[in-house]
Amino acid sequence: MPEQRRQEEQQGAGGIVKTLVQSVGIFLLIQFASKQFFGQAPATGGASDPAKSGAVVPNTKVSIPAFENRPSQFNDGAIRSAIPQNIAPMWPVGTEVDISMYISPSVVMPPLKQLPKDTLLIDEKGFKFGDWKENRVVETEFKVPAEVQRNATLFAHFYVGQSGSVLDPTQPGYDRTKAYHMIRPLTQYQSKKKISKTRNLLSDLPDTVQSEEEKKGPKVMGNYYHSNFSISMIPDSGVVNFPSIHPGVREFFQLDQTGSRDATGQNGWYYPVLFTNTFWQLKKDMIELNDTVTTLPLNVKINNLSNWKFNIYASMEANIRSNQAAAANGQAIAGGGDGTEMEMFKEILIDSNSYLLAITAVVSVLHMIFEMLAFKNDVQHWRKKKDNVGTSVRTILANVFMQSIIFLYLIDNNENTSWMILFGQGMGIAIEAWKITKSVNVRVRPAPAGSWLPYTVVFEDKHVLSETEKKTEEYDEIAFKYLTWVAIPLLAAYAVYSLIYDTHKSWYSFIITTLVGSVYAYGFLMMVPSLYINYRLKSVAHMPGRAMTYKFLNTFIDDLFAFTIKMPTLHRLATLRDDVIFFVYLYQTWVYKVDYSRVNEFGQGGDEEEEEEKKANQPLKAPTGGERGLKVPDQEKVAKVEAEKEKATATGSAKKGEGRKRK
């Protein structure tokens with residue numbers, strides 16, 4: 001449904017930003033540690049190009065010569081390492097290369113002359129390695145092999161060599177020091193999105209509730225293809241500690257096929273990195289392959305890419321694939337989710353304005369800060385609250401009910417909901433329930449005669465209500481009476497519409513979905529009784545002002561998320577409804593002024609009260625040079641302080657009364 005979809009997208013946006021910050025933070029931390037232990041890779045080009053002049057392994061005295069100057073034998077006592085510890089580039093920056101790409105459903109390639117001409121999709125000559133101005137585009141179509149239509153993987157075979165070199169390894173004159181061959185898959189297996197079985201509950205279709213066997217069954221996989229990617233050569237990768245680099249980065253390093261080592265036998269060389277960048281591919285744009293797909297497009301950009309960008313793209317893409325594979329196999333992912341959070345983040349990056357996205361990233365951090373501050377101040381306010389003046393107990397009960405409905409909805413409709421979201425929702429329910437115990441006594445009493453339940457839960461006042469508290473209850477009852485007249489017809493109309501026109505998994509799912517849809521649509525009405533009580537009492541002194549401010553600031557941040565995520569205009573306008581409540585509350589705070597430097601008419605606040613509380617919480621100290629034994633306080637001073645406090649409270653109430661008379 002539209003409203004629940006909007007809520008899910010807003011929740012997803014927060015998780016997306018957190019995932020991005022975590023991924024980039026971890027990458028930068030790894031890079032920092034690598035620089036500390038292995039040093040900074042030297043810049044390439046000119047005299048500092050390690051492929052021309054050789055290079056010194058960072059933080060060591062070991063020197064790796066240029067590949068052309070590689071030794072013919074090892075030092076005395078040196079043992080050749082099967083896996084090199086440090087590797088240096090083979091070809092110097094500025095080398096012109098030829099790049100050819102063939103497609104095949106097999107990893108084993110026959111002589112290139114025997115392949116059909118339509119399997120050669122890329123044939124670029126004289127591409128300058130390290131020239132940042134090199135930007136080429138290849139756009140073509142190809143016929144899908146029959147094996148790929150039947151779920152086989154489509155491979156791209158890249159043949160790269162210095163200009164004029166023989167690229168086919170099966171042909172005479174092929175030189176492994178001047179050409180190399182690498183394979184990358186063009187298709188990928190991904191789990192198909194499981195669609196929940198639903199039906200119109202008024203129809204005579206059979207029940208669609210899934211059995212336990214169906215829920216635990218394996219996920220259906222599909223073979224997908226994306227037509228857009230880029231091929232980038234990395235000219236500034238420098239000397240690399242091969243065993244320590246990220247696995248996602250390491251898979252793109254092609255080691256020297258001659259197996260050469262330096263004089264120590266521990267270090268080697270690698271061909272220029274050819275990076276097939278698929279980071280920006282979105283699953284929603286992929287094509288599922290089957291026997292009906294006969295031709296496919298191919299759009300490729302060929303360029304040079306900075307090493308730091310290559311590391312970020314390759315490592316993050318590997319992490320995304322790992323999470324998606326774990327989710328497809330039913331394994332738990334840290335923080336919950338189903339591995340699609342980064343997919344949503346990439347979609348936001350592509351579809352949103354960069355400046356708006358940067359602002360969203362900043363305010364998302366502010367959102368978390370305001371949320372913590374609102375929680376802190378709300379709890380602090382209720383801990384100090386000594387009466388029920390201005391408190392709408394019915395609103396608190398309604399909040400517990402609505403948050404419980406949302407909690408059940410998250411469990412019923414999203415198996416992969418993050419445990420952090422569920423924990424936050426559960427904490428919200430617990431806080432609202434605690435507020436009830438602060439306002440009234442919750443008791444289990446024998447049910448009255450005629451009831452079909454033996455016991456019933458009742459709410460009893462904690463003390464004899466004052467005149468103002470009785471007025472608060474009266475105003476609360478009036479506000480809820482009018483609110484009921486509005487809310488119940490809206491809920492009934494929405495339930496009838498959903499029952500007739502929407503499909504649901506079961507009657508339970510219909511009830512939960514209808515209730516949560518009403519909560520999302522009309523939940524902001526729960527603040528109306530509090531505003532009505534403020535109006536009748538002509539005061540906002542009983543309200544948790546700071547907590548309210550932080551909560552409403554978060555509503556503005558939610559508005560910004562709504563304009564970042566794609567959705568219809570009417571849904572964007574719907575996010576502004578909470579702001580109306582906030583502006584009414586701001587108007588009330590302007591009309592009903594509160595002097596926070598004195599005790600208000602409800603016995604709350606005041607600078608003197610805060611100072612006295614701080615002094616009372618200080619540990620006892622014996623005077624310098626005096627006895628350290630326990631002393632009985634001066635009763636006269638205690639009585640004097642109590643009299644001053646009562647006088648201050650009475651004076652505050654009198655001033656408030658005079659103010660009302662003047663009005």
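The name that an unreviewed UniProt entry assigns to the chain is Cleft lip and palate associated transmembrane protein 1, with the source organism given as Bimuria novae-zelandiae CBS 107.79. Quoted straight from UniProt, the Sequence similarities (unreviewed entry) entry for the chain says "Belongs to the CLPTM1 family." UniProt lists a comment for the chain under the heading Subcellular location (unreviewed entry), and it reads "Membrane".

Asks: Explain the overall build of the chain residue by residue, including any values.
Replies: A count of helices and strands for the chain gives 18 helices and 18 strands. Put simply, the chain has 663 residues, and 41% of those count as buried.

Asks: Please provide a residue-by-residue account of the pairing of strand E4 (residues 96-104), values included.
Replies: Across the 9 residues of E4, 8 count as buried, placing the element largely inside the fold. As defined by bridge partners, E4 adjoins strand E5 (residues 120-128) across 6 bridges and the pair is classed as antiparallel. Considered in E5, the bridge of Ser-100 is made with Asp-123. Examined bridge by bridge, E4 and strand E7 (residues 155-162) share 8 bridges and lie antiparallel to one another. Bridging from a neighbouring strand, Ile-103 pairs with Ala-156 of E7.

Asks: Residues and numbers for helix H13 (residues 528-537), please.
Replies: Taken as a whole, H13 has its buried residues at Pro-529, Ser-530, Leu-531, Ile-533, Asn-534 and Leu-537. Positive phi appears at Lys-538, one or two residues downstream of H13, with a value of about 55°.

Asks: Explain the UniProt feature "transmembrane region" (unreviewed entry) in the chain to me, and be specific about the residues and the numbers.
Replies: If you check UniProt for "transmembrane region" (unreviewed entry), the listed places come out as residues 355-375, 395-411, 479-501 and 507-533 in our numbering. The straight-line gap between the two end C-alpha atoms of residues 395-411 is 24 Å; of that span, 100% is helix and 0% is strand. Along residues 479-501, the helical share is 100% and the strand share 0%, with 33 Å between the first and last C-alpha atoms.

Asks: An account of a nonpolar patch on the surface is needed here, citing residue identities and associated values.
Replies: Together, Leu-202, Val-496, Tyr-497, Ile-500, Tyr-501 and Trp-507 make up an exposed nonpolar region whose accessible area comes to about 680 Å². The element best represented in the nonpolar patch is helix H11 (residues 467-501), accounting for 4 residues. For Leu-202, the location among the structural elements is in the loop between strand E9 (187-191) and helix H4 (212-216). Of the residues examined, Leu-202 reaches a relative accessible area of 52% and is grouped as exposed.

Asks: Can you break down the sheet that holds E4 residue by residue, with the values?
Replies: Taken in spatial order, the 4 strands line up as E5-E4-E7-E8 in an open sheet, and their pairing is antiparallel. Here the strands that pair on one side only, and so sit at the sheet edges, are E5 and strand E8 (179-185). The average undirected angle you get between the axes of adjacent strands in this sheet is 15°. With 7 bridges joining them, E7 and E8 adopt antiparallel strand pairing. Counterpart to Phe-155 in the pairing with E8 is Pro-185.

Asks: Account for the environment of Glu-432, with residues named and values stated.
Replies: Relative to the assigned elements, Glu-432 resides in helix H10 (residues 419-439). For Glu-432, a relative accessible area of 9% gives the class buried. Residues Glu-432 and Leu-397, spaced 35 residues apart in sequence, show a C-alpha to C-alpha distance of 7.8 Å.

The rules we used
Residues numbered from 1 in each chain as written. Predicted model: local features only at pLDDT ≥ 70, side-chain atom pairs only at ≥ 80, totals over all residues. Heavy atoms only, no water. UniProt positions renumbered as here; feature names shortened; annotations may be inferred. Helix = DSSP H or I, 4+ residues; strand = E, 2+ residues; numbered from the N terminus. Buried < 20%, exposed > 50% of the residue type's maximum accessible area, 1.4 Å probe, protein only. Pairing = 2+ DSSP bridges. Patch = residues over 30% accessible without salt bridge, like charges linked within 9 Å, V, L, I, M, F, W, Y side chains within 5 Å. Areas by Shrake-Rupley, 256 points an atom, 1.4 Å probe, with all protein chains shown as cover. Salt bridge = Lys/Arg side-chain N within 4 Å of Asp/Glu carboxyl O. Axes fitted to C-alpha atoms, helices over the stretch in contact; angles between N-to-C directions.

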